[in-house]
Amino acid sequence: MPDATAALPGYAHVYSGKVRDLYAPVDRHTAQPRSDQLLLVASDRISAYDHVLETPIPDKGEVLTRLSLWWFDQLADLVPNHVVSTDVPEAVRGRAVLVERLEMLPVECVARSYLTGGGLGEYTATGAVSGIRLPDGLVDGDRLPEPIFTPSTKAPMGEHDEPIPFSVVEADLGAELAGRVRELTVAILERGNEIAAGRGILLADTKVEFGLRGGEVVLADEVLTPDSSRFWPAEQWEPGHPQPSFDKQFVREWLTSPSSGWSKASGEAPPPLPDDVVAQTRAKYVEAYERLTGQAF
């Protein structure tokens, strides 16, 4: 459901995902929603283990929006993006952008510089990630010989994205377009790591989304945020176990601890988050923004 604060005159609600709400501007002359633009609103909702949690993280939507806008500028020479304007209604100012409505590509574009998360699980089982054979003996947190493109399906809300080999992307998009999104996804990860390295941060992996403007590939949604990427403090990097990270780490750890009383296997919604977990999680999002951009939040 969209945020209660985002009942927006002049906009028609189109869709709500786990953490974002989409609205179409209503044309003043026809009173119909426009088909060429969307208002993308980042809420303070947080998701974990395929559940949208009851407890929001204050300022999360604004952090992600401001960080995405900063990264769009850093990536402008690599790929165009969908941003039209940051002049948005007061009720969602700071956490919304007006964007171009694109023909979105039906694939989650993921690139990895380090082995962890779902990629680690797949590697442990098969020795490969998305069909890419990797060296033997890698452990959690190891740097890969080179960044790899590991796409996945776009699953409906509440279901898991499933890794797919590049051949499936080629079959879905055609060889030329598939090659272009692979090239761009890896280039975004590499640029992100070049910039983050100077801030004492490692970018382990990232997920990006692309759409088409005519035949041109355009970067959409968010980019290089703690919700779409794994950022690790470089000074604490130590392969062999999960790394500290600038994201939902405190939320995940609490949910899977005895303190929460909740089990992933229960099928039930997770309980509300305690105040200290909310505060620690907010602080991590803000720290990621400030370290990366060099700007105070």
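Refer to the structure above for everything that follows.
First things first, this report covers the structure right here in the doc.

Thresholds applied
Residues numbered from 1 in each chain as written. Predicted model: local features only at pLDDT ≥ 70, side-chain atom pairs only at ≥ 80, totals over all residues. Heavy atoms only, no water. Helix = DSSP H or I, 4+ residues; strand = E, 2+ residues; numbered from the N terminus. Rg over C-alpha atoms; globule rule 2.2 N^0.38 Å. Buried < 20%, exposed > 50% of the residue type's maximum accessible area, 1.4 Å probe, protein only. Contact = heavy atoms within 4.5 Å. Areas by Shrake-Rupley, 256 points an atom, 1.4 Å probe, with all protein chains shown as cover. Lys, Arg positive; Asp, Glu negative; His and termini not counted. Charge placed at Lys NZ, Arg CZ, Asp CG, Glu CD. Salt bridge = Lys/Arg side-chain N within 4 Å of Asp/Glu carboxyl O. Arc of directions from axis to C-beta. Core = buried A, V, L, I, M, F, W, Y, C linked by side-chain atoms within 4.5 Å. Phe/Tyr/Trp six-rings, centres within 6.5 Å; stacked < 30°, edge-to-face > 60°. Axes fitted to C-alpha atoms, helices over the stretch in contact; angles between N-to-C directions. Parallel < 35°, antiparallel > 145°, perpendicular 65-115°, else oblique. Left-handed = near helix turned anticlockwise from the far one by under 90°. Nonpolar A, V, L, I, M, F, W, Y, C, P; charged D, E, K, R; others polar.

Section: the overall build of the protein chain
Here is step 1 of the chain: Secondary structure assignment for the protein chain yields six helices and 15 strands.
Here is step 2 of the chain: Taken over C-alpha atoms, the radius of gyration comes to 19 Å for the protein chain, in line with the 19 Å a tight globule of 297 residues would show.
Here is step 3 of the chain: With the C-alpha coordinates of the protein chain rotated into their principal frame, the extents come out at 65 × 50 × 40 Å.
Here is step 4 of the chain: Split into buried and exposed, the 297 residues of the protein chain put 49% on the buried side.
Here is step 5 of the chain: Expressed as a percentage of contacts within the protein chain between residues at least 6 apart in sequence, the contacts between residues at least 24 apart total 62%.
Here is step 6 of the chain: Total accessible area computed for the protein chain in this model is approximately 13,700 Å², and 50% of it derives from carbon and sulfur atoms.
Here is step 7 of the chain: Of the side-chain charges in the protein chain, 27 are positive and 45 negative, and the distance between the mean point of each set is 2 Å.

Quick notes on the pattern of salt bridges
Here is step 1 of the chain: Using the criterion set out here, one finds 21 salt bridges in the structure.
Here is step 2 of the chain: Between Glu209 and Lys154 there is a salt bridge; the shortest N-O distance is 2.7 Å. Taken together, the residues span a long stretch of sequence, with Glu209 in strand E13 (residues 201-213) and Lys154 in the loop between strand E12 (143-149) and helix H3 (166-173) at a distance of 55 residues.
Here is step 3 of the chain: On the accessibility criterion, Glu209 (17% relative accessible area) is buried.
Here is step 4 of the chain: For Asp205, the salt bridge is made with Arg230, and the minimal N-O distance between the two is 2.7 Å. Of this pair, Asp205 sits in strand E13 while Arg230 is found in strand E15 (residues 229-233), placing the two residues 25 residues apart along the sequence.
Here is step 5 of the chain: For Asp205, a relative accessible area of 5% translates into the label buried.
Here is step 6 of the chain: Taken together, the shared-partner salt bridges in this structure form one network comprising Glu235, Lys284, Glu287 and Arg291.

A few points about H3
Here is step 1 of the chain: When H3 is considered as a whole, its buried residues turn out to be Phe166, Val169 and Leu173. Projected down its long axis, H3 carries its buried residues within an arc of 55 degrees, all on one side.
Here is step 2 of the chain: Looking at the buried positions of H3, the neighbouring elements they touch are E12 and helix H4 (175-197).
Here is step 3 of the chain: Among the residues trailing H3, Gly174 stands out with phi positive, at a value near 95 degrees.

Details of the nonpolar core
Here is step 1 of the chain: Of all hydrophobic cores here, the largest spans 53 residues; its most connected members are Val181, Ile188, Phe210, Leu219, Val223 and Leu273.
Here is step 2 of the chain: The greatest single-element share of this core, amounting to nine residues, is contributed by H4.

Some thoughts on the packing of aromatic side chains
Given two aromatic rings, their pairing is described by the distance between the two centres and the angle made by the two planes.
Here is step 1 of the chain: This model, assessed by the stated rule, comprises six aromatic pairs.
Here is step 2 of the chain: Seen in terms of ring centroids, Trp70 and Trp71 are 4.9 Å apart; in terms of plane orientation they differ by 75 degrees. Their pairing is edge-to-face.
Here is step 3 of the chain: Residue class for Trp70 comes out buried when judged on its relative accessible area of 12%.
Here is step 4 of the chain: On the basis of relative accessible area, Trp71 is assigned to the buried category, the value being 0%.
Here is step 5 of the chain: Feature note: the residues Tyr114, Trp232 and Trp237 constitute an aromatic cluster, connected by ring pairs.

Remarks on the packing of H3 against H4
Here is step 1 of the chain: Running from amino to carboxyl end, H3 crosses H4 at an angle of 125 degrees, the nearest separation of the two axes being 7 Å. As far as their axial angle goes, H4 and H3 are oblique. By crossing handedness, the relation of H3 to H4 is classed as right-handed. Along the contact surface, H3 presents Phe166, Val169, Glu170 and Leu173, while H4 presents Ala175, Leu177, Ala178, Gly179, Val181 and Arg182.
Here is step 2 of the chain: Looking at the contact of H3 with H4, its residues break down into seven nonpolar, one polar and two charged.

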